Amino acid sequence: MPTPSLTSQISLRILFDKMVELAPDLREAQISALDLPEEIVIRLRMMLIFDDLIALTPERRETHLSSLDVPEEERARMRTMLVSDSTVPAVMRATASEAVDRLPDDDDDMLGQPLVGTCIGTFRLLSVIGQGGSSAVFRAEREAGDGVQFVALKLLRTGLYTAEAQRRFRREQAILAQLTHPHIASLVEGGISASGIPYIAMELVDGVPITQAANAQKATIAQRLTWFSTLCRTIEAAHASLIVHRDLKPSNLLVTGDGELKVLDFGIAKLVDTDEFATRTISIALTPEYAAPEQFGTAPLTTAVDVYALGVVLGELLTGKRLTGTVRASSAVGAGTDADASLPSGLPPRSVLVRQLRGDLDAILSNALADLPTLRYRSAGAFADDVDRYLAGQPVRAHPPSRWYRARKFVARHRRGIAATVILLSGILGSLGVAVWFGIEARRAAQQAQAHAARADSMRDFMFDAFGEAEPSTPRAGPATVVEVVDRAIASASNDRSIDPRARIELMARLAQVVGAQGNLDRSGTLLQRAREEAATVLGSTDPLSFEVARLLAVNHYERGEYATARQEFDALLAQVPATSLSLRVRLLRDSAGPAMHMRDQPPAVANVRLAVDLSRQTGDAELLRASLSDLCSILLSAGEVREAVAVCQNVLALNRARFGEESIHVSYIFSALSRAFRRLDDLDQAESYARASLSIDRKIYPGDHRTTANHLNALGITLVARRAFREAKDVFREAEHMNTATLGPTHPNTTIAMQSLAFVETQLEDYADALPRLRNALNANTLKLGAHAFQTAIDRADYGYLLALTGRRQAGIAELEQAIVDFHALTKADPDILGRTLEKRIRIALLNDDASGAQQRIDELEKAAAAVVEQAAYWKGRVDCLRGEILLARANAAQALPPLQRCGAALDSAQHPEAVLRVEQRLLQSAATAALGDVSTAKALAEQARERLRLLPYPPSRLRRLEATLPR
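Residues numbered from 1 in each chain as written. Predicted model: local features only at pLDDT ≥ 70, side-chain atom pairs only at ≥ 80, totals over all residues. Heavy atoms only, no water.

1. Examining the sheet that holds strand β6 (residues 198-203)
This is how the line gets drawn: Note on pairing: DSSP must find at least two bridges between two strands before they are called paired. Helix and strand assignments follow DSSP, with helices taken as H or I runs no shorter than four residues and strands as E runs no shorter than two, numbered in order from the N terminus.
Strands sit in the order β1-β2-β3-β4-β6-β5 across an open sheet of 6 strands; the sheet is antiparallel. Each having just a single partner strand, β1 (119-120) and β5 (187-192) make up the two edges of the open sheet. When strand β3 (residues 135-144) meets strand β4 (residues 147-156), the two strands line up antiparallel, connected through 10 bridges. Directly across from R142, in β4, lies its bridge partner Q149.

Encoded structure:
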């Protein structure tokens, strides 16, 4: 019989797994209904027969085999397989999951020993730690650097044989790997063995269950509640990452010898429950004693299941029993003479404990253990809040509200102060007046607390309802994307008027930010505008939330390239912000610097960020100061204050590494800034190293297209251009253009800058046909976005005109160049460097047209512009002299051409950043002038120097090669 293909074998295995679950009399009918190829049917039947045979005793196997209507050759093959099966040790016959399956079937602790010494992935199993309904846990080790790493390695019972199941497992495992918290045992590694068995390597925690630790230390009620509050806050932190534990129990809540709490197995229950469409009744991903009622049904599981399990754990901590919502804690501690002996160690006698449990603690536990999820605490954090209120003597939310209850709690908290006050005021107010006053204070506090609670509950309910939609409940093409989930959330927030108004405004603002981060800045701006209008109507324009939404809208305008609008809005907000709101003022000062820099108004931009740094120091907020210094780094770099920028950036880099870790987008930002700084300092090795390190982080954080990655690609591309690595730079700029177009749109300034950069490289490579349409698109986009005479538009116009002239459309090109020169002169703050480069392009086009006189008319204007360039003054002086000498040579005046060409050589020798092309050109022109004056030997020497430099120059311009060919040899 031919061996099936790999695809057929996989299909065969899937069919076998399904068929083996059916009764024997149903299998044949099912096989016939599938209309399978004959060879698959035969192999499937043989596999099923063999599976039945190995379940029989050896004596019955031969009898059963002989009675089967199968070919003799297949019967002989099965006998051989049965003999092989009986001679191989059990641990070798079984998969890891089968070996694990047998662990709980025997009380012998050594039953797991056959797996000890074997390897799973890179780990070697050392000993059995424990076993349960869904897994077995081993102490394991692997080599790590110069030492050995010990972990708790959990083998899960559920095999993952399909690509989709393995994909889901790896996705969930990747999510869990990002869950970092000091009280959550970290996931070291997850994987799937060759036989399809998933395993999880977790941080090895040496501790005892929280209930045992509390009893061993004879912890009081207050101490147990303090531990428990920490536990709830830990669970809440995981829920904030949209990860639910689903199997909380004391054995997963360990306390180390140092008293540190560690939560184990976070999210493992979901990894075990790999079949999203399996019925909950057969799921093993829970522990029944701690499972919420809905875990035994088919309803979607939410954070409420963890709240329920926390309630059971708290009940066990306080009473020694596992409670349900139908039994009050105070009545569960027992009665009679032996009741005290059954209580956990450290708790007061039964009679005292009953009084302490009755009331608030009964109410807290009943709330957590309610059968319906909607009647429980909305979150683990809300559970912790009530526990903290109880410890502080404040009213708990679980207790039915009443004036008398709140007044009583107020009196209990301030017993001494109230006693003195009563004595002092008793003759004035009387006891009734005091009681009324206490009632008013309690009611006011309650109203404030209820308002905060309503907002928090609205936010939490909404977020979990909205993001719960991402959990598949019916088959579909794939999991919901962030955009899809946020779209549903926006629709819900817009239509659900039951949400607390302040919560709705904040939700819409945050959702708008998510939309913007996904690349849709226009829609983000629309949502923020709507939130701003609602905030002004509901809260008033001076409310802090209204200010924040207005600030976010201005940031959106800036991100969309609407710099003038953004700056106007930031300035208006700065004029209105209260002097006492230092943090808000700091953010606005920093925000305003960006559009100012883009509008080439550098002094106020630098001044605002420096002021933001000073005010940040006054607030004492370390995080605010770190962010302000980060902005100062970027602004100083843009303003040309490079060396100070490097010092600030390196300081911020150390802060960011300590705050966020090595692979953080904040570290990537500073790497990119340092790349730009070192490029300007002509340290191209460091510049390229920092740029590549930045992109390495970006690609891990943003696996797809992202505008941040595009920005950092630009930093690498500029460095490659400085190295004249034009081919690689072209690939980098092409990727940046693609990313910016995909995330920001074709008309965004960042996109047009990427287009212009790519066209520049193509021009250097003399790929004019590719560069010309790209420059035209950039020019058109900036004309629409920024205006026909804006600074960046003029830059694009100059490049486009130059390329038009180079490709034969000289009059059209000259017209564009002339218009760009007029636009540069009309700017309030001229940029002499950009103007000089544009004038040089115009002169070169004149020389190309054999219009030496026209070139001569422009050289004085170029010299004036070059004199205003503070940075690289020597280089620009040499550049002008070189061009002047070239013009004089074109006018057949070698004698007058030679002195400026010699001055050019001296200037380039003293320049900080001499351009390689210009150095070659200077030697070539000097050789040509010397040869024209009859000094052939000197001309030959100069020509050889130029040729040697030309050979070392990557991608030399063709005009230099043409000039070299005319020189003497």
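2. Some remarks on the environment of E189
Short version of the rule: Every residue pair with non-hydrogen atoms within 4.5 Å of one another is taken to be in contact. Whenever a nitrogen or oxygen atom comes within 3.5 Å of another N or O atom, the pair is scored as a polar contact, on the condition that within protein one atom can donate a hydrogen and the other can accept it, and that pairs from neighbouring residues in sequence are kept only if both atoms are in side chains.
With respect to the element layout, E189 can be found in strand β5. In this view, E189 contacts T122, F123, R142, Y199, I200 and A201; residues no more than four positions away in its chain are not counted. A polar atom in the side chain of E189 sits 2.6 Å from the side chain of R142.

3. Quick look at the environment of G885
Summarising the element assignment, G885 is placed in helix α38 (residues 873-890). Note: C-alpha distance between G885 and C904 (19 residues apart in sequence) is 8.9 Å. If we ignore the near neighbours within four places in the chain, the residues touching G885 are A897, P900 and L901.

4. Some remarks on the packing of helix α34 (residues 791-806) against helix α35 (residues 810-826)
Quick note on the threshold: Whenever a helix is involved, its axis is fitted only over the stretch in contact; in every case the axis is a line through C-alpha atoms, and angles between N-to-C directions fall within 0 to 180 degrees. With respect to orientation, any angle under 35 degrees is reported as roughly parallel, any angle over 145 as roughly antiparallel, any angle of 65 to 115 as roughly perpendicular, and every other angle as oblique. In this scheme, a crossing is called left-handed if the near helix is turned counterclockwise away from the far one by less than a right angle; it is called right-handed if the turn is clockwise. In this count, Pro and Cys sit with the nonpolar residues alongside Ala, Val, Leu, Ile, Met, Phe, Trp and Tyr, while Asp, Glu, Lys and Arg are called charged and the others, Gly among them, polar.
Contact geometry for α34 and α35: axes closest at 7 Å, N-to-C directions at 155°. Between α34 and α35, the interaxial angle falls into the category roughly antiparallel. You can see that α34 and α35 cross each other, and the crossing is left-handed. Here F791, A794, I795, R797, A798, Y800, G801, Y802, L804 and A805 of α34 come into contact with α35, specifically with R810, A812, G813, E816, L817, Q819, A820, D823 and F824. Residue composition of the contact of α34 with α35, by class: 12 nonpolar, 3 polar and 4 charged.

5. Considering the state of the cysteines
The line we're drawing: We call a pair of cysteine sulfur atoms a disulfide whenever their separation is within 2.5 Å. Relative accessible area decides the class of each residue, using a 1.4 Å probe on protein chains only: under 20% of the type maximum gives buried, over 50% gives exposed, and in between gives partly exposed.
By the definition in use, this model includes 1 disulfide. Two residues, C633 and C649, share a disulfide whose sulfurs are 1.7 Å apart. Taking the sign of the S-S torsion, 65° for the link of C633 and C649, the bridge is right-handed. In this pair, C633 sits in helix α26 (residues 622-638) while C649 sits in helix α27 (residues 642-660), placing the two residues 16 residues apart along the sequence. Here C633 matches C649 in class, with each residue buried. Not part of a disulfide, C904 finds its nearest cysteine sulfur in C882, a span of 4.0 Å. When its relative accessible area of 0% is taken as the criterion, C904 is described as buried.

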